Amino acid sequence: MGMVRYVANKFFYMLVSLFVLVSATFFLMKAIPGDPFTSEKKVPPEIKARLYEQYGLDKPLYHQYFKYLGEIAQGDLGVSMKRLNQDVTHLIGQTFSASLKLGVVAIIVSVIVGVILGMLAALYHRKFIDSAAMVLAVLGIAVPSFVVASLLQYVFAYKFHMFPVSGFKGPMYYFLPVAALSAQPIAFIARLTRSSMLEVLHADYIKTAKAKGLSWFAILSRHVLRNGILPIVTYMGPMTANIVTGSVVIEQIFGIGGIGKQFVEAIGVRDYTVIMGITIFYGILLMVARFITDIAYVLIDPRIKLTGGKEG
Amino acid sequence: MKKSKSLLLMIALVLVIGTVLAGCGGNKANNGNAAATNAPGNEGSTNTGTATGDEKLAADQTLRVNLTSEPPTFDPAQAQDSQANTVLKTMYEGLTRMNDETGQAEPGIAEKWDISADGLVYTFHLRDAQWSNGDPVEAADFVRGWKIVLDPNTNPTAPYAYQLYYLKNAEEYYTKKVTDFSQVGVKAVDAKTLEVTLKSPTPYFLGLLSFYTYYPVHKSIEGNPKWATNKDTMITNGAFTLTEWTTGQAIQVTKNEKYWDAASIKLSKIDFSIVNSGATELLSYKNGELDRAGNPNGEIPSEQLPIVKKELPNEFVSKGIAATYYYYFNTTEKPFSNVKIRKALTMAINRQALIDNITLGGQLPAFGLVPPGIAGVDGEYRNTVKDSYFTEDVEQAKSLLAEGLKEEGLTALPPVDLSYNTSENHKKIALAIADMWKNNLGITVNTVNQEWAVFIDNRQSQNYQIARAGWTADYNDPMTFLDMFVTGGGNNDAGYANPEYDKLIKDAKTNSDLAKRQEDFAAAEKMLIQDDMVIMPIYYYTNNSLTKEYLKGVTLDFSGAVDFTRGYLLEH
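Just so it is clear, the model here is predicted, and its values are computed rather than measured.

Side note on the sheet that holds strand β10 (residues 269-274) of chain B
Residue and element names in this part refer to chain B.
And step 1. In space, the four strands of this open sheet follow the order β1-β10-β9-β8, with mixed pairing throughout. The sheet is open, and its two borders are formed by β1 (62-67) and β8 (240-246), each paired with just one other strand. Sheet twist, expressed as the mean angle between neighbouring strand axes with direction ignored, is 20°.
And step 2. Here β1 pairs with β10 via six bridges, running parallel. Counted as the bridge partner of Val 65 is Phe 272 from β10.

Now the structure itself:
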């Protein structure tokens with residue numbers, strides 16, 4: 001019962017947020033100077049008038065807004081205004097598939113490497129491994145991803161010819177962008193894991209478990225890891241959305257046609273329908289990621305109650 | 001706390017030192033590598049030099065190049081950018097083709113043509129050419145393509161419809177003053193004969209016919225407005241056909257065996273990657289993932305130009321193209337409504353120093369608007385009509401500024417805004433010029449960086465004081481530059497209005513006497529620059545590119561458009 005109400009509640013708030021997001025983006029987008037047909041070589045007025053008419057830009061703003069709302073309510077994201085005759089859903093589908101493939105691999109790598117590093121650091125607290133892992137973590141957080149990406153590209157692709165410089169055509173093309181994308185999450189996860197595991201390791205129930213004579217491995221997997229991993233689950237939601245929506249910088253450096261690059265380009269040329277389409281898509285993605293995180297939280301830690309809890 | 005802080009400081013220090021060291025090491029290694037790879041490279045080239053004649057073709061004739069942005073469309077009626085041009089040129093052929101050496105039109109799908117004595121009626125005789133599905137290319141295919149462009153009911157309407165306004169009644173048809181398409185100056189006399197009637201004599205019309213807006217389209221597109229978004233519905237008549245298109249990722253064209261001149265096409269495929277980072281493109285080229293890098297379809301970062309020039313002298317090519325970089329003055333507002341102040345600013349910068357230290361691309365200092373490479377009556381226009389409209393002279397500039405200020409009743413020039421659209425190069429140039437003005441004339445300049453569409457919007461509505469601009473030739477004639485500045489002209493962002501200038505351009509537009517026409521152009525350009533200094537010319541563009549030594553036959557035309565179709569790869 002609680003679960004159903006919880007989900008319905010969440011869903012309602014998601015819809016409201018989405019509506020606010022769509023409206024704000026729509027009016028902000030129209031407020032910036034220029035339109036899809038702004039070009040250095042000006043088109044004659046009669047042609048511009050025709051284009052405006054065909055795309056409904058000659059109508060008053062509120063009219064355009066309600067028309068757009070009506071269209072998206074029917075699930076129609078429309079046709080790109082710059083990439084003529086191409087459906088926005090098709091554009092999102094094609095570019096998102098690249099970002100998604102890359103992102104999923106990066107998330108898996110981040111979690112595995114991050115958790116292992118953090119665990120090692122916690123188990124060998126104040127030993128060399130701990131310091132080394134934490135120096136790496138500080139570096140990973142402090143060094144911007146475009147520096148990491150350029151450096152990886154220069155060293156491993158150009159100097160040692162181990163991987164291709166750019167493109168996205170096969171398994172070999174994954175290594176460098178994935179490494180660049182996961183550097184920061186790895187560092188973050190390692191630090192989170194370390195601190196929460198240290199906390200857990202000193203908890204009374206671990207002492208009890210030890211006293212019971214449980215094996216180290218059993219303590220680690222059943223008690224330490226299960227409790228220590230909670231903060232990572234919290235972090236996973238936003239991180240997933242973040243990585244999957246595509247890093248513009250990384251996509252640009254490695255020449256990957258992902259959705260992040262597409263979004264920035266669409267803003268540059270004022271491709272209204274594409275800007276709106278990707279914004280809505282991002283919004284939904286982010287909300288769903290948050291939602292799944294909340295559910296996962298409940299499943300892992302029964303202490304967290306569904307009802308009465310505020311969004312945190 | 002203290003301890004962790006000092007630890008952080010240590011790490012930061014290590015990082016900084018590490019980066020610096022890595023930088024030095026990298027450079028050294030780089031030089032070493034360059035020397036090492038250069039030596040065999042040179043040997044290789046001398047080897048092929050001695051073994052002239054028997055060029056061995058590589059087994060794999062796949063050309064790999066980059067596009068800095070994805071062509072928004074492959075529909076010739078909808079295209080309006082140079083990247084679409086690059087790819088469309090491989091897939092389509094118009095009535096004529098641009099000869100890259102002479103800058104003049106040569107036979108394409110039209111084998112030969114007759115021009116009436118008054119220069120108004122062109123009769124084209126089409127060769128036996130085929131579409132990629134085997135259908136013959138007929139005169140009706142051209143009529144179909146041009147009708148789609150000019151039809152105001154085409155949805156979306158063709159943004160470049162005005163490129164066809166040279167035809168009789170074309171503009172009238174678009175603006176619905178004429179509703180019967182048979183009144184428009186294009187007619188399929190029979191399957192192989194196309195008759196075109198112009199509004200007024202246009203000496204560069206044959207060249208225009210090689211442009212994508214004039215391409216023919218296959219009959220299968222009728223009733224399918226989305227035909228150009230899918231490779232399977234794209235039937236083309238050029239050297240290649242579209243075989244792969246992943247949005248944002250890659251485009252591939254494959255040799256069209258049905259092309260009439262397929263025997264001269266040696267490439268089997270062209271792979272276009274889509275990467276909008278000059279640094280990545282250069283690295284890919286050096287790493288052997290691209291066969292050609294740089295302009296016009298790609299980009300080499302300007303700060304890398306002197307380095308690659310030295311490192312790869314046999315691969316680096318710098319070629320002047322018909323394009324001019326200049327600054328607009330807003331002549332409609334004080335203080336730049338005063339011609340003496342405009343002249344003072346124009347004369348007070350050192351263009352060669354700017355090119356040698358900032359742009360680094362071997363550009364030519366510009367003292368006029370029409371760039372070299374544009375055709376005139378005998379050879380190039382710029383060879384006959386010199387751009388000696390003014391000289392750089394700081395002393396004269398100072399006294400002109402003083403006079404101008406006096407006329408305006410000012411004691412000093414108020415701070416001036418110089419706007420440019422976001423780009424590392426435009427920024428560097430603006431800062432350097434602002435500095436020259438400050439040092440030479442003592443004026444204060446604020447450089448204003450604006451996002452592209454915002455910038456264009458401001459410039460077109462004369463909401464600026466000085467703004468950067470660049471103009472590339474649309475066709476090979478001085479008209480493409482000079483008709484911009486007629487009163488009320490769509491691209492006259494300077495707000496220039498001079499009836500005498502308008503008359504010269506109008507005369508040139510209707511005159512079929514080519515010598516007289518050139519005199520009008522020369523007089524108009526002199527008025528625009530020497531007398532009225534409406535713009536400040538800065539430099540004539542160059543295209544800078546790197547081509548592997550095994551790649552031959554890729555050519556650039558006068559405007560800097562690239563033609564890959566006749567390229568081939570040698571064994572390497």
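Overview of the domain arrangement of chain B
All names here are of chain B.
And step 1. One can read the domain layout of chain B as domain 1 (62-291 + 548-569) and domain 2 (317-543).
And step 2. The straight-line distance from the C-alpha centre of domain 1 to that of domain 2 is 32 Å.
And step 3. In this assembly, 14 residues from domain 1 lie in contact with 19 residues from domain 2.
And step 4. Together domain 1 and domain 2 conceal approximately 1300 Å² of surface at their shared face, both sides included; 58% is due to carbon and sulfur atoms.

Topic: the pattern of salt bridges
And step 1. One pass over the structure, following the stated rule, counts 33 salt bridges over all chains.
And step 2. Here Asp 474 of chain B ties to Lys 41 of chain A by a salt bridge, and the two come within 2.8 Å at their closest N and O atoms. Of the two residues, Asp 474 of chain B is situated in the loop between β16 (466-472) and α14 (479-482) and Lys 41 of chain A in the loop between α1 (2-31) and α2 (45-55); the pairing between them involves two chains.
And step 3. Taking relative accessible area as the criterion, Asp 474 of chain B reaches 22% and is therefore assigned partly exposed.
And step 4. Residue classification places Lys 41 of chain A among the buried residues on the basis of a relative accessible area of 16%.
And step 5. The salt bridge involving Asp 520 of chain B is made with Lys 516 of chain B; its shortest N-O contact spans 2.8 Å. With Asp 520 of chain B and Lys 516 of chain B both in helix α16 (residues 514-531), this residue pair falls four residues apart, about one helical turn.
And step 6. Overall, the relative accessible area of 33% leaves Lys 516 of chain B in the partly exposed class.

Quick word on the pairing of strand β9 (residues 250-255) of chain B
Residue and element names in this part refer to chain B.
And step 1. Most of β9 is tucked away, with five of its six residues classed as buried.
And step 2. Inspection of the sheet shows β8 paired to β9 by six bridges, in the antiparallel sense. Looking at the pairing, Thr 241 lines up with Thr 254 of β9.
And step 3. Alignment of β9 against β10, held across five bridges, turns out to be antiparallel. Its bridge partner being in β10, Val 253 is matched across the sheet by Ile 270.

Re the UniProt feature "domain: Solute-binding protein family" (unreviewed entry) in chain B
And step 1. Following the UniProt record, the feature "domain: Solute-binding protein family" (unreviewed entry) maps to residues 105-492 of chain B here.
And step 2. Taken end to end, residues 105-492 of chain B has its terminal C-alpha atoms 29 Å apart, with 27% of it in helix and 21% in strand.

Here's the deal with the sheet that holds strand β5 (residues 121-126) of chain B
Residue and element names in this part refer to chain B.
And step 1. Read from one edge of the open sheet, four strands run β4-β5-β7-β6, paired in antiparallel fashion. Sheet topology places β4 (110-115) and β6 (186-190) at the edges, where each strand pairs with a single neighbour. Here the average twist between neighbouring strands, direction ignored, is 25°.
And step 2. Pairing analysis gives five bridges linking β4 to β5, with the strands arranged antiparallel. Pairing of Ile 115 across the sheet is with Tyr 122, part of β5.

What about the confidence of the model for chain B?
Residue and element names in this part refer to chain B.
And step 1. When the pLDDT values of chain B are averaged, the result is 89; 91% of them are 70 or greater.
And step 2. Counted against residues more than four places away or in other chains, residues 1-5, with its pLDDT under 50, gives zero contacts.
And step 3. This model gives residues 13-52 a pLDDT under 50, and the stretch forms 17 contacts once residues within four places in sequence are excluded.

What about the packing of aromatic side chains?
All names here are of chain B.
And step 1. Per the stated rule, a full pass over the model turns up 41 aromatic pairs over all chains.
And step 2. Relative to Tyr 204, the ring of Tyr 166 has its centre 5.8 Å away and its plane inclined at 90°; by these criteria the two rings are edge-to-face. Of the two residues, Tyr 166 is situated in the loop between α3 (139-150) and α4 (170-174) and Tyr 204 in the loop between β7 (193-197) and α5 (205-208); the sequence distance between them amounts to 38 residues.
And step 3. Residue Tyr 204 is classed as buried on the basis of its relative accessible area, which comes to 9%.

Details of the side chain of Asp 130 of chain A
And step 1. Structurally, Asp 130 of chain A can be placed in helix α5 (residues 128-142).
And step 2. Asp 130 of chain A sits in the buried class, given a relative accessible area of 4%.

A few points about the UniProt feature "transmembrane region" (unreviewed entry) in chain A
All names here are of chain A.
And step 1. As annotated by UniProt and renumbered to match this structure, "transmembrane region" (unreviewed entry) occupies residues 12-32, 102-124, 131-152, 172-192, 239-260 and 272-292.
And step 2. Secondary structure content for residues 102-124 is 96% helix and 0% strand, while the C-alpha to C-alpha distance between its ends is 33 Å.
And step 3. Helix and strand shares over residues 131-152 are 91% and 0% respectively, and the end C-alpha atoms of the span are 24 Å apart.

Description of the interface of chain A and chain B
One frequently used descriptor of interface size is the decrease in accessible area upon assembly of the parts.
And step 1. Taken together, the contact pairs 53 residues of chain A with 60 residues of chain B.
And step 2. Carbon and sulfur atoms supply 52% of the area buried between chain A and chain B, which totals about 4800 Å² over both sides.
And step 3. It is Glu 40, Lys 41 and Asn 85 of chain A in chain A that bury the most area against chain B; as a group they hold 16% of the surface buried on that side.
And step 4. Along the contact surface separating chain A from chain B lie five salt bridges.

Let's talk about the nonpolar core
And step 1. Core analysis: the largest hydrophobic core is formed by 224 residues, its most contacted members being Trp 146, Leu 194, Tyr 327, Trp 437 and Phe 485 of chain B.
And step 2. Take this core: its biggest share by element is eleven residues, from helix α4 (residues 88-123) of chain A.
And step 3. Summarising the domain contributions, this core has at least three residues from each of domain 1 (62-291 + 548-569) and domain 2 (317-543) of chain B.
And step 4. Beyond its immediate sequence surroundings of up to four residues, Tyr 327 of chain B is in contact with Leu 418, Ile 429, Ala 430, Ile 433, Trp 437, Ile 466, Ala 467, Arg 468, Ile 535, Met 536 and Ile 538 of chain B.
And step 5. One finds Leu 282, Ala 293, Val 308 and Phe 316 of chain B within the second-largest nonpolar core, a separate group that totals ten residues.

What about helix α2 (residues 82-91) of chain B?
And step 1. Burial analysis of α2 of chain B places nine of its ten residues in the buried class, which makes it a mostly covered element.
And step 2. Here the buried face of α2 of chain B lies against β1, β8, β9, β10 and β20 (562-563) of chain B.

Comments concerning a nonpolar patch on the surface
Residue and element names in this part refer to chain A.
And step 1. A surface patch of nonpolar side chains, amounting to about 1100 Å² of accessible area, comprises Leu 100, Val 104, Ile 108, Ile 112, Val 113, Ile 116, Leu 120, Leu 123, Tyr 124, Phe 128, Ile 129 and Trp 216.
And step 2. Secondary-structure elements contributing two or more residues to the nonpolar patch are α4 and α5.
And step 3. The biggest single contributor to the nonpolar patch is α4, with eight residues.
And step 4. Note that Ile 108 resides in helix α4.
And step 5. Under the relative-accessibility criterion, Ile 108 is labelled partly exposed at 46%.

What to know about unusual backbone geometry
All names here are of chain B.
And step 1. That bond from Asn 155 to Pro 156 is cis: its omega, -5°, falls within 30 degrees of zero.
And step 2. Locating Pro 156 in the fold gives a position in the loop between α3 and α4.
And step 3. That bond from Lys 334 to Pro 335 is cis: its omega, 0°, falls within 30 degrees of zero.
And step 4. Within the element layout of this structure, Pro 335 appears in the loop between β12 (316-329) and α8 (339-347).
And step 5. One non-glycine residue, Gln 462, lies in the positive phi region at around 55°.
And step 6. Checked against the element boundaries, Gln 462 lands in the loop between α13 (452-460) and β16.
And step 7. Taking the relative accessible area as the measure of exposure, Gln 462 reaches 23% and is therefore partly exposed.

Let's talk about the environment of Ser 264 of chain B
Residue and element names in this part refer to chain B.
And step 1. Mapping Ser 264 onto the fold places it in the loop between β9 and β10.
And step 2. We classify Ser 264 as partly exposed; its relative accessible area is 30%.
And step 3. The spacing of Ser 264 and Ala 239 is 25 residues in sequence and 9.4 Å in space, taken between C-alpha atoms.
And step 4. At a separation of 2.5 Å, a polar atom in the side chain of Ser 264 contacts the side chain of Asp 261.

Quick look at the packing of helix α15 (residues 499-510) of chain B against α16 of chain B
Residues and elements named next belong to chain B.
And step 1. At a minimum axis separation of 9 Å, α15 and α16 run at an interaxial angle of 155°. It follows from the interaxial angle that α15 and α16 lie roughly antiparallel. As α15 packs across α16, the resulting crossing turns out to be left-handed. Residues Glu 500, Tyr 501, Leu 504, Ile 505, Asp 507 and Ala 508 of α15 pack against Arg 517, Asp 520, Phe 521, Ala 523, Ala 524, Met 527 and Leu 528 of α16.
And step 2. A per-class count over the contact of α15 with α16 returns nine nonpolar, no polar and four charged.

Conventions used here
- Residues numbered from 1 in each chain as written.
- Chains lettered and ligands numbered in written order.
- Predicted model: local features only at pLDDT ≥ 70, side-chain atom pairs only at ≥ 80, totals over all residues.
- Heavy atoms only, no water.
- Pairing = 2+ DSSP bridges.
- Helix = DSSP H or I, 4+ residues; strand = E, 2+ residues; numbered from the N terminus.
- Axes fitted to C-alpha atoms, helices over the stretch in contact; angles between N-to-C directions.
- Domains from an automatic or database assignment.
- Contact = heavy atoms within 4.5 Å.
- Buried area = accessible area lost by both parts, 1.4 Å probe.
- Salt bridge = Lys/Arg side-chain N within 4 Å of Asp/Glu carboxyl O.
- Buried < 20%, exposed > 50% of the residue type's maximum accessible area, 1.4 Å probe, protein only.
- UniProt positions renumbered as here; feature names shortened; annotations may be inferred.
- pLDDT = per-residue confidence, 0-100.
- Phe/Tyr/Trp six-rings, centres within 6.5 Å; stacked < 30°, edge-to-face > 60°.
- Core = buried A, V, L, I, M, F, W, Y, C linked by side-chain atoms within 4.5 Å.
- Patch = residues over 30% accessible without salt bridge, like charges linked within 9 Å, V, L, I, M, F, W, Y side chains within 5 Å.
- Areas by Shrake-Rupley, 256 points an atom, 1.4 Å probe, with all protein chains shown as cover.
- Polar contact = N/O pair within 3.5 Å; in protein donor to acceptor, adjacent residues only side chain to side chain.
- Parallel < 35°, antiparallel > 145°, perpendicular 65-115°, else oblique.
- Left-handed = near helix turned anticlockwise from the far one by under 90°.
- Nonpolar A, V, L, I, M, F, W, Y, C, P; charged D, E, K, R; others polar.

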